[in-house]
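Chain by chain, the residues:
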Amino acid sequence: MSLQNHPKSKIQNPKFTIGIDLGSNTLRGVKLDCESGVFVAEYEKIVRTADGLVESGRISETAVERIVSGMKEMRESLGFDGAAVRAVTTEAMRRAANRKKVLRRIEEESGIRFEIIDGEEEARLTLLAVQRRLERLGEPADSFVLADIGGGSTELIFRFPHATFSRSFELGIVTLSQEAGSWESVPEVLERKIPPLREYVSDLYARAGRPARFVATAGTPTIVAAMKLGMNYASYDGRRINGTVLRKEELRGALERLLAMSPDERRVAVGVGRDDLIAAGILIFEALYDLLGFDECTVIDDGLREGVALALCER
C-alpha cells in the first residue's frame, strides 16, 4: 500500500498534498495542487466519532468502523499515490480514554496514521486556511476573530496585524447535544458553558482591542450559509459559501425553519448525522455574536483540512 504520511514523508516539494481532518462528527479530506494552489478533490463523511463519548469517555466500536470505512472510501476518492499526506484528529480523540487503541486500529485497517494535535496547532492550521481564502476573495485578512465551531470543541482565534491569540474551549455541537440530552435542555447547558469564553474574550479585548470583523468556519456556519443561498446537503458548494455574510437575526430564522421540518426534511437539508445536532450548533453560533460584539459574520468553508494541505505544500 503506497502512502507517504507526515511527518515521516520523504517526498520533497510534492506536486500534491492531502490534508485529512477527523473531527468529532465528520471525516474530511482534501487534495491540493501545490503548483496552482487549487484544491482539486475533496471528501467528506459523517462518522460521528464522538457519539457516546460524553457518557462512556471512549470512542465506540461502531464509530471506529465508520471511520475505517470512510478512510477506505477517501483513498479511492482522492487518490493518495505520489501525494504527501498528513492526517490529524482533534478534540474527540484528545478526550477519549481508548484513543491509542482506536488510532492503532485505524492505521492497521486503513493504512493511515493519525496524529492527535492540540488546540494551538488546530488553531494555527485553521487560521492559515481562512487567511488564504480571505486573500483570494480580495478581503482584508489582517484583523479578525475566527470562530471554528466543531463537534467537540470551539476554537476562538484572534488575528491582529502584529499578533495572534487563540484558545480552545470544550464546547462542541456533539458534546453539547449529548450532555443536554434533549433539545429543550440545550440552552440551559449552553449557558453553563459560556462563562469561560466570556471571561477570555473580555480579558483579550481589554488587552488587545476588538478586531475589525467576525469570521466563522466549520459545519454550523456553512450549513446556515447554505440555507441562505438555497442549497441543501446534496447541492452544497463550498465555493459559493466562501464570503457569505450572515447577520445574527438570520440564524434564528434558520433555526425556526429547521425545527419546523420533519426529520426526513431536516436530513435532506443538512445531511444524515447532522440533523439532530444543528440546533445546538446554531445556538452556539448565535451566542458567539453576542459574546464577540458583532451583528454580522463572514462565513468561510475552508478549515483545518485545507490548512493541513496548505502547510504541507509550504514546507
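Preceding this section is the structure that the text describes.
Calculation notes
Residues numbered from 1 in each chain as written. Predicted model: local features only at pLDDT ≥ 70, side-chain atom pairs only at ≥ 80, totals over all residues. Heavy atoms only, no water. Axes fitted to C-alpha atoms, helices over the stretch in contact; angles between N-to-C directions. Helix = DSSP H or I, 4+ residues; strand = E, 2+ residues; numbered from the N terminus. Parallel < 35°, antiparallel > 145°, perpendicular 65-115°, else oblique. Contact = heavy atoms within 4.5 Å. Nonpolar A, V, L, I, M, F, W, Y, C, P; charged D, E, K, R; others polar. 1 Å grid on protein atoms, 1.4 Å probe; cavity = no way out; pocket = protein on both sides within 12 Å on 5 of 7 lines; lining within 4 Å. Points joined across faces, edges and corners; volume = space filled by probe spheres on them. Disulfide = S-S within 2.5 Å. Patch = residues over 30% accessible without salt bridge, like charges linked within 9 Å, V, L, I, M, F, W, Y side chains within 5 Å. Areas by Shrake-Rupley, 256 points an atom, 1.4 Å probe, with all protein chains shown as cover. Salt bridge = Lys/Arg side-chain N within 4 Å of Asp/Glu carboxyl O. Lys, Arg positive; Asp, Glu negative; His and termini not counted. Charge placed at Lys NZ, Arg CZ, Asp CG, Glu CD. Buried < 20%, exposed > 50% of the residue type's maximum accessible area, 1.4 Å probe, protein only. Core = buried A, V, L, I, M, F, W, Y, C linked by side-chain atoms within 4.5 Å. Phe/Tyr/Trp six-rings, centres within 6.5 Å; stacked < 30°, edge-to-face > 60°. Lys NZ or Arg CZ within 6 Å of the ring centre and 35° of its normal. Pairing = 2+ DSSP bridges.

> I'm lost on the packing of helix H9 (residues 219-228) against helix H11 (residues 248-260) in this one. Help?
Between two packed helices, both the angle of their axes relative to each other and the distance between the axes serve to describe the pair. Here H9 crosses H11 at 80°, and the two axes come no closer than 10 Å. On the basis of the axis angle, H9 is roughly perpendicular to H11. Of the residues in H11, those touching H9 at Val224, Met227 and Lys228 are Glu250, Leu251, Ala254, Arg257 and Leu258. By residue class, the composition of the contact of H9 with H11 is five nonpolar, no polar and three charged.

> In this structure, what is going on with the layout of surface pockets? I would like to understand it.
Empty space left among the atoms is revealed by rolling a probe the size of a water molecule over them. Quantified by volume, the second largest pocket comes out at close to 390 Å³. Looking at the second largest pocket, it is lined by 17 residues, and the ones nearest its centre are Phe39, Glu42, Arg133, Gly238 and Arg239. Counting residues per element, the ones that place at least two in the lining of the second largest pocket are strand E4 (38-46), helix H5 (119-136), helix H10 (238-241) and helix H14 (304-314). Tallying contributions element by element places E4 first for the lining of the second largest pocket, with five residues. When the residues that make up the lining of the second largest pocket are grouped by side-chain class, the tally is five nonpolar, three polar and nine charged.

> What am I meant to see in the state of the cysteines here?
Taken as a whole and judged by the stated rule, the model has one disulfide. Here Cys34 connects covalently by a disulfide to Cys313, the sulfurs 1.8 Å from one another. Since a negative S-S torsion denotes a left-handed disulfide, the Cys34-Cys313 link at about -80° is left-handed. Remark: Cys313 occurs in helix H14 and Cys34 occurs in the loop between strand E3 (26-33) and E4; sequence separation between them is 279 residues.

> Any chance you could explain a positive patch on the surface here in plain terms?
Taken together, the side chains of Arg58, Arg99, Lys100, Lys101 and Arg104 present a region of like positive charge at the surface. With respect to the helices and strands, Arg104 occurs in helix H4 (residues 99-110). Arg104 gets classed as partly exposed once you look at its relative accessible area, which sits at 46%.

> Before we go on, may I ask you to explain the nonpolar core in this structure?
Most often, soluble globular proteins keep nonpolar side chains buried together rather than apart. Counting residues in each nonpolar core, the largest one holds 80 residues, and the members touching the most others are Ile20, Ile106, Phe114, Phe214 and Leu288. Element by element, the count of residues in this core is highest for helix H13 (residues 278-292), at 12 residues. Listed in part, the 12 residues of the second largest apolar core include Val30, Ile117, Leu125 and Val308.

> What should I look at first to understand the packing of aromatic side chains in this one?
Any two aromatic rings considered together are summarised by their centre-to-centre distance and by the angle between their planes. All chains considered together, the criterion is met by eight aromatic pairs. An angle of 65° between the planes, with centres 6.2 Å apart, marks the rings of Phe214 and Phe285 as edge-to-face. Linking Phe214 in strand E10 (residues 214-217) with Phe285 in helix H13, this pair joins segments that are 71 residues apart in sequence. Judged on exposure class, the residue Phe214 and its partner Phe285 are both buried. In textbook terms, an aromatic cluster arises when at least three aromatic residues are bridged by ring pairs, as seen for Phe158, Phe169, Tyr200 and Tyr205. Across the ring face of Phe16, the terminal group of Lys31 is positioned such that the distance to the ring centre comes to 4.9 Å. Residue placement shows Arg210 over the ring face of Phe294; its charged tip is 3.9 Å from the ring centre.

> Just to check I follow, could you spell out the pairing of strand E8 (residues 154-160) for this structure?
Two faces, one strand: in a regular strand the side chains alternate between the faces of the sheet. Extensive coverage of E8 is indicated by the burial of six of its seven residues. The pairing of strand E7 (residues 144-149) with E8 spans six bridges and is classified as antiparallel. Following the sheet pairing, Ile149 is matched in E8 by Thr154. In this antiparallel pair of consecutive strands, E7 and E8, the connection spans four residues. One ladder, built from seven bridges, connects E8 with strand E9 (residues 163-169); its direction is antiparallel. Of the residues in E9, the one forming a bridge with Phe160 is Ala163.

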